[in-house]
Amino acid sequence: MVNLLWMDVIHVNFIKRAGLTLVAKKGRTALLVLVTTAIMLFVLAGLLIRNAANTATATAKANVGATLTLSQNRAAAFKTMRSSSQSGSKPTLTQTPVKLSLAKQIARIQHVASYAVTVTTSANASGFDAITTRGTTGGFGGRGPATTSGDITISGVTSTASATAFNQKTASITQGRGLTKADANSHNVVIESELAKQNSLSVGDTIKLKATTGSKATTTLTIVGIYKAKSTSTGMPGESDPANTVYTGYGLANQVKGSKYVNTADNVTFTVSAPSQVAAVKKAAKQLINTSKYSITSDDQNYQLVKSSMATVSGFANKIVWLVAIAGTIILALIVILMIRERRHEIGVLLALGEARWKIIGQFLTELFVVLLVGIGLAAAGGKVVGDQLAQQVVATQTTQSATTGQFGRPGGPSGQGKQLPGGGQQTAKTNQAAKQTKLATHVTVQALALLFALGLGIILVAILIAAAGILRLQPKNVLIE
Amino acid sequence: MLTTKGLGYWYANPEDYLFKDVNLHFDAGVMTAIVGQSGAGKTTMLSLLAGLDKPRAGTIAFRDEDIAKLGLTNFRRHHVSTIFQAYNLFTYMSARQNLLTAMAITQSAHRGDADYANQMLGKLGLTAAQMRQTVARLSGGQQQRVAIARSMVCDAELVVADEPTGNLDEANTQAVVDLFRQLAQDLGKAVIIVTHEEAVAAQCDAVLRLASRTVSWERQPSR
């Protein structure tokens, strides 16, 4: 009694023939799987990088800060100063602080998420010592808005979290707490750790600062936090050591500065929730301000940098996808053509038996389809590894290019924002931050696999269509008899 | 069953024809041999009769229907079964899978019936083990039997064979000739065999000779 194989009982058709061929010709099947997997792997890597770049751009839109800064129009102020100089009087640059009421008006514009006030002034340490560096002649002439300078720089802020140094991680709270909105008019202060060490100060202690302008009154402040600054003095003559910067609420800084500065700020930074709306918000803000007194500048370069980097990465990933898809189609088509040439005899026998040509093409398509499924499965397993490696290389190249542009190709930041580093240094910090944000994380998603499957199917369809010409032309007599 | 009218064939130049104006008739239950010198056009004639090629002139009718109108693929699938000297089996399949594949393609009444395939292979002397083996591992004689079994299971009324005993020894040759006789006499098929072996031709009911661009009956089938 002959044992029947299950395959024999099932109605034999071209799909079954495809299965029989794949199993019987293991070597050829393995080779096809290998080639298809390689093609699918690179197509998937390209898709993953593109998706990751798109996600990074979307994340950048949501997270990378875009800001508008309202400050005095210095160009207009200098122009006024020059015109008064021509009339014979001593040239004096008139300071026009920003009114907080104006800032509140601007804050109501759509897409403005929040605003942070910055008031910078100086005072002299009273009962404790400021840190002196070689070349320091006392004070930091020219950096603050006041013409008379103390040895302590007071940075009045809405909150320490919104201050540039903390925002860019060049400073961080190490003891106690940072300042919040509630501290605006309080006598709380956050001092630098070196200043605290030198004077044996800790959280809870008090310090006294003597104003150098206005009433020149002495104010007692309570230390609520100590921060560590990463930046160091550049040693330039006249520059105060960064450790001499203390943070207070902007209300207190205005008090120290003088009574005429109440409810004003050196500058106000508005955070725009949608970076792509910066231009629209800026336009709306300009309609609210007197542009001869104030200027409003936008800073969405982090967003633009990430967007530009990701656009390049995404473009490169697209090229990978298309190049590999086209090359893959050509390679697979050539393999299928060779496979069909090798199987002319088999095709001849099928034709002699009366098999329809479309079914013979269908058999080859089925074989490649099965190979494609296996290839996609293997590519899905290894796609993340290849995608991550490729993405790392692409982003490394892209970040180097961006950082180079950031450091040497652009001028420093706005002078009004210079806190601890000169303009160029601040620019570098921002660029590095943006570069960090361009790190890509690839993920094999169902959507990516579905797209890969569609592309793979397209590739094998085109390959089969090209190769099918050989089957359509083939005459059984030429193969089997002659 | 199969009739040719004004049949002609040439390659490039109609003046250099292999044969022309050939009118033939092949009946059911008759085993016919086509003989002739090499190059006389035996295999070409067989290709035309099997629907593997189109005539340059004239028509071939199966049961009074032009096979060109019937469609050569359709004709090959349903009405004719071809046996080749080189067997032309699917070498990666077993003997049984070869039969089942042919039965599926030709939409035979027994398609999918593995028992029927086994029965046919058994009739032709193949063992159960040989039925399961890939045909590449079978001997020439065994492969030729599988090829004949394939033609038997396909329900085709016309069987054409190109030098079916060309690669076989004397004993196997006689066995194969006997099988063809069974196809004609027992199953009522019209069997046409191209052969260069006079001994094989001698056992056929009719002999058609191709020589010097002429086609003539050496021995007419008795009607």
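Provided above is the structure to which this section pertains.
Calculation rules
- Residues numbered from 1 in each chain as written.
- Chains lettered and ligands numbered in written order.
- Predicted model: local features only at pLDDT ≥ 70, side-chain atom pairs only at ≥ 80, totals over all residues.
- Heavy atoms only, no water.
- Helix = DSSP H or I, 4+ residues; strand = E, 2+ residues; numbered from the N terminus.
- Buried < 20%, exposed > 50% of the residue type's maximum accessible area, 1.4 Å probe, protein only.
- Contact = heavy atoms within 4.5 Å.
- Core = buried A, V, L, I, M, F, W, Y, C linked by side-chain atoms within 4.5 Å.
- Polar contact = N/O pair within 3.5 Å; in protein donor to acceptor, adjacent residues only side chain to side chain.
- Axes fitted to C-alpha atoms, helices over the stretch in contact; angles between N-to-C directions.
- Parallel < 35°, antiparallel > 145°, perpendicular 65-115°, else oblique.
- Nonpolar A, V, L, I, M, F, W, Y, C, P; charged D, E, K, R; others polar.
- Pairing = 2+ DSSP bridges.

## Points about the overall build of chain B
1) Next: The helix and strand tally for chain B stands at nine helices and ten strands.
2) Next: Taking all 223 residues of chain B together, 57% fall into the buried category.
3) Next: For chain B, restricting intrachain contacts to residue pairs at least 6 apart in sequence, the fraction spanning at least 24 positions comes to 68%.

## Section: the nonpolar core
1) Next: Ranked by internal contacts, the top residues of the largest apolar core, which has 128 residues, are Leu158 and Phe180 of chain B.
2) Next: Ignoring anything within four residues of it in the chain, the contact list for leucine 158 of chain B reads Met1, Leu2, Leu49, Phe62, Phe75, His79, Val80, Ser81, Ala190 and Ile192 of chain B.
3) Next: Grouped together as the second largest cluster of nonpolar side chains are 47 residues, Ile207, Ala211, Ala253 and Ile296 of chain A included.

## Focus: the side chain of glutamine 130 of chain B
1) Next: By the element assignment, glutamine 130 of chain B lies in helix α6 (residues 128-132).
2) Next: For glutamine 130 of chain B, a relative accessible area of 17% translates into the label buried.

## Examining the side chain of threonine 37 of chain A
Residues and elements named next belong to chain A.
1) Next: Along the chain, the position of threonine 37 falls in helix α3 (residues 26-63).
2) Next: A distance of 2.6 Å separates the side chain of threonine 37 from the backbone oxygen of valine 33, its partner in a polar contact.
3) Next: Aside from chain neighbours lying at most four places away, what touches threonine 37 is Gly375, Leu378 and Ala379.

## As for the packing of helix α7 (residues 140-153) of chain B against helix α8 (residues 170-185) of chain B
All names here are of chain B.
1) Next: Axis separation between α7 and α8 bottoms out at 11 Å; the angle between their running directions is 5°. By the criterion of interaxial angle, the relationship of α7 to α8 is roughly parallel. Here Gly141, Gln144, Arg145, Ile148, Ser151 and Met152 of α7 lie close against α8, whose contacting residues are Asn172, Val176, Leu179, Phe180 and Leu183.
2) Next: For the contact of α7 with α8, a count of residues per class yields six nonpolar, four polar and one charged.

## Section: the environment of alanine 77 of chain A
1) Next: Mapped onto the secondary structure, alanine 77 of chain A falls in helix α4 (residues 74-86).
2) Next: Taking the C-alpha atoms as reference points, alanine 77 of chain A and glutamine 95 of chain A, separated by 18 residues in sequence, lie 7.8 Å from one another.

## Remarks on the sheet that holds strand β6 (residues 80-83) of chain B
Strand pairing in a sheet relies on backbone hydrogen bonds, with the paired strands running either antiparallel or parallel.
All names here are of chain B.
1) Next: With mixed pairing, the six strands of this open sheet are ordered in space as β6-β7-β8-β3-β9-β10. Each edge of the open sheet is held by one strand with a lone partner, namely β6 and β10 (214-219). In this sheet, adjacent strand axes meet at a mean angle of 20° when their direction is disregarded.
2) Next: Bridge count for β6 against strand β7 (residues 158-162) is four bridges, and the pairing is parallel. Across the sheet, residue threonine 82 finds its bridge partner in β7, namely valine 160.
3) Next: Across the face of the sheet, α7 comes into contact with β6 and β7 while running at roughly 175° to β6.

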